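Residue strings, one per chain:
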Amino acid sequence: MTKAKRLENKNDKVLSRRSVIKRAGVLGGFLLAGCDTQYYKPPVVRDGLMGVADIMTMASQRMLMSNDQLVQEHDSSEITKNFPVWNQSNPEDEEYQRLRAENYRDWRLPITGLVNKPISMSLRDLKKLPRRTQTTMHICEQGWSAIAEWTGAPLLSVIQAAGGIKPNAKYIMINAYGGWYEGYDMFDVTHPQTILAYGMNGKDIPLGNGAPLRLRVERHCGYKQLKFIKSIEVVSSVENFGRGTGGLNSDYDFHWYAGA
Ligand SMILES: Nc1nc2c(c(=O)[nH]1)N[C@H]1C(S)=C(S)[C@@H](COP(=O)(O)O)O[C@H]1N2
Ligand SMILES: [Mo]
């Protein structure tokens with residue numbers, strides 16, 4: 001890792017989950033609840049609980065990870081030359097195409113729902129927030145992996161820019177242009193390597209890899225790395241989205257949580 005990157009990533013300390021939980025008022029919900037585990041549960045879906053196997057896998061994975069552990073960060077020499085473009089590569093969405101034609105000049109990210117100060121951020125606003133650069137391995141559940149360097153704003157600092165969450169907030173739902181959406185719990189939101197990335201390998205994110213903004217939530221498989229981000233909503237329940245399982249992929253038989 002270069003010195004510059006190490007400097008950028010010094011924000012990890014500021015943003016480490018524990019320090020945030022300790023700092024009164026930032027994520028009020030954590031403090032009022034006085035207990036993390038409430039936020040580390042999978043969504044309860046309409047047709048009952050997630051499968052027992054899912055819950056066991058998730059519980060043991062999260063126990064192992066409870067030390068704020070970071071995923072491995074690679075050397076820039078390991079970056080994959082031709083990072084795949086997988087699934088959607090250019091959403092057929094009128095609004096998206098209009099924004100793209102103007103190089104995303106008018107693109108905005110609304111952050112709404114159970115936050116203290118709903119806002120709408122431009123790419124410039126996002127670039128003014130603390131910045132993190134990480135070279136990580138993307139692992140697609142469909143059997144491939146590749147390494148890239150990602151640069152972006154920690155999701156946590158974006159939520160903080162919206163005034164922090166209200167006490168009853170439990171999940172965040174992210175919508176993408178082209179119809180994908182995924183849900184994440186506060187465990188993912190507050191992790192230092194969870195970033196809204198606008199840069200890939202030192203350049204703007206290419207169209208096919210999710211321009212102008214995609215999520216990197218490094219301990220999840222590929223399908224949780226949402227591309228073409230459109231909006232963020234903080235919610236207390238995932239019930240009202242799609243089929244109510246907490247994400248497009250779990251709506252259609254993938255697991256809500258399949259952490260690596
Ligand atoms: N909006 C959106 N996000 C998405 C997808 C997609 O089709 N649309 N595919 C997912 C899957 S399964 C993978 S493996 C990665 C692929 O990212 P890439 O195209 O940058 O390789 O994006 C994920 N996020
Ligand atoms: Mo994937």
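Computed from a predicted model, the values in this text were never measured in an experiment. (Residues numbered from 1 in each chain as written. Chains lettered and ligands numbered in written order. Predicted model: local features only at pLDDT ≥ 70, side-chain atom pairs only at ≥ 80, totals over all residues. Heavy atoms only, no water.)

### Focus on the overall build of the protein
The number of helices and strands found in the protein is 10 helices and 10 strands. Here the protein holds 260 residues, and the buried ones make up 52% of them. Within the protein, contacts between residues separated by at least 24 positions form 70% of all contacts whose residues are at least 6 apart in sequence. By element, 53% of the accessible surface of the protein is carried by carbon and sulfur atoms, the whole surface being about 12300 Å². (Helix = DSSP H or I, 4+ residues; strand = E, 2+ residues; numbered from the N terminus. Buried < 20%, exposed > 50% of the residue type's maximum accessible area, 1.4 Å probe, protein only. Contact = heavy atoms within 4.5 Å. Areas by Shrake-Rupley, 256 points an atom, 1.4 Å probe, with all protein chains shown as cover.)

### Quick look at the nonpolar core
One recurring pattern in soluble globular proteins is that nonpolar side chains are buried together. Leu126 and Ile172 are the most contacted members of the largest nonpolar core, which has 37 residues in total. By size, the runner-up hydrophobic cluster in this structure holds 10 residues, among which are Trp144, Ala148, Trp150 and Met200. (Core = buried A, V, L, I, M, F, W, Y, C linked by side-chain atoms within 4.5 Å.)

### Notes on the sheet that holds strand β10 (residues 229-235)
In space, the five strands of this open sheet follow the order β2-β1-β10-β5-β6, with mixed pairing throughout. The open sheet terminates on both sides in strands that have one partner only, identified here as β2 (119-121) and β6 (181-185). Put simply, the sheet's adjacent strands are angled 20° from each other on average, direction ignored. Here strand β5 (residues 171-176) runs beside β10; their pairing, made up of six bridges, is antiparallel. Residue pairing for β10: Ile174 is matched across the bridge by Ile232. (Pairing = 2+ DSSP bridges. Axes fitted to C-alpha atoms, helices over the stretch in contact; angles between N-to-C directions.)

### Brief notes about the packing of aromatic side chains
Using the criterion set out here, one finds seven aromatic pairs in the structure. Ring centres 5.6 Å apart and planes at 80° place the aromatic pair Tyr96 and Phe228 in the edge-to-face group. Highlighted residues: Tyr96 in helix α6 (residues 94-101) and Phe228 in the loop between β9 (214-217) and β10, separated in sequence by 132 residues. This pair shows no difference in class: Tyr96 is buried, exactly as Phe228 is. Clustering of aromatic rings is evident, with ring pairs tying together Phe83, Trp86, Trp144 and Trp150. (Phe/Tyr/Trp six-rings, centres within 6.5 Å; stacked < 30°, edge-to-face > 60°.)

### Some remarks on the pairing of β5
Across the six residues that make up β5, a large majority, five, are buried. Across five bridges, the pairing between β5 and β6 is antiparallel. Paired with Tyr171 across the two strands is Asp185, which belongs to β6. Hairpin connection between β5 and β6: a loop of four residues separates the two successive antiparallel strands, and Gly178 in this loop has a positive phi of roughly 100°.

### Looking at the site of ligand 1
Every one of the 21 residues lining ligand 1 counts as a neighbour, but Pro84, Gln88, Asn209, Arg214 and Lys227 are closest to it. Asn209 is positioned with one of its side-chain polar atoms (N or O) 2.8 Å from an oxygen atom of ligand 1. A class-by-class count of the residues in the shell around ligand 1 yields 11 nonpolar, seven polar and three charged. (Near = heavy atom within 4 Å. Polar contact = N/O pair within 3.5 Å; in protein donor to acceptor, adjacent residues only side chain to side chain. Nonpolar A, V, L, I, M, F, W, Y, C, P; charged D, E, K, R; others polar.)

### Notes on the environment of Ile232
Residue position: Ile232 is located in strand β10. According to the relative accessible area criterion, Ile232 is buried, its value standing at 0%. Counting along the chain gives 51 residues from Ile232 to Tyr181, while the straight-line C-alpha distance between them is 9.7 Å. Every residue in contact with Ile232, bar those within four places of it in the chain, is listed here: Leu109, Pro110, Ile111, Thr112, Leu155, Ile159, Ile172, Met173, Ile174 and Leu196.

### Observations regarding the side chain of Glu218
Topologically, Glu218 is positioned in the loop between β9 and β10. Reaching out from Glu218, the side chain makes a polar contact with the side chain of Arg216 at a distance of 3.2 Å. Each residue touching Glu218, except ones within four places of it in the same chain, is listed here: Val71, Gln134, Thr136, Met137, Trp150 and Gln193.

### A short note on the confidence of the model for the protein
Detailed reading of the predicted coordinates is not advisable wherever pLDDT is low. For the protein, the average pLDDT comes to 82, and 71% of its residues sit at 70 or higher. Between residues 14-41, whose pLDDT stays under 50, and residues either more than four places distant or in other chains, the model counts 63 contacts. Low pLDDT (under 50) marks residues 45-49, which in the prediction has seven contacts with non-local residues, meaning those over four places away or in another chain. (pLDDT = per-residue confidence, 0-100.)

### As for α6
The opening residue of α6, the one whose side-chain oxygen lies 3.0 Å from the backbone nitrogen of Glu95, is Asp93. Taken from the residues just after α6, Asn103 is the one with a positive phi, measuring 50°.

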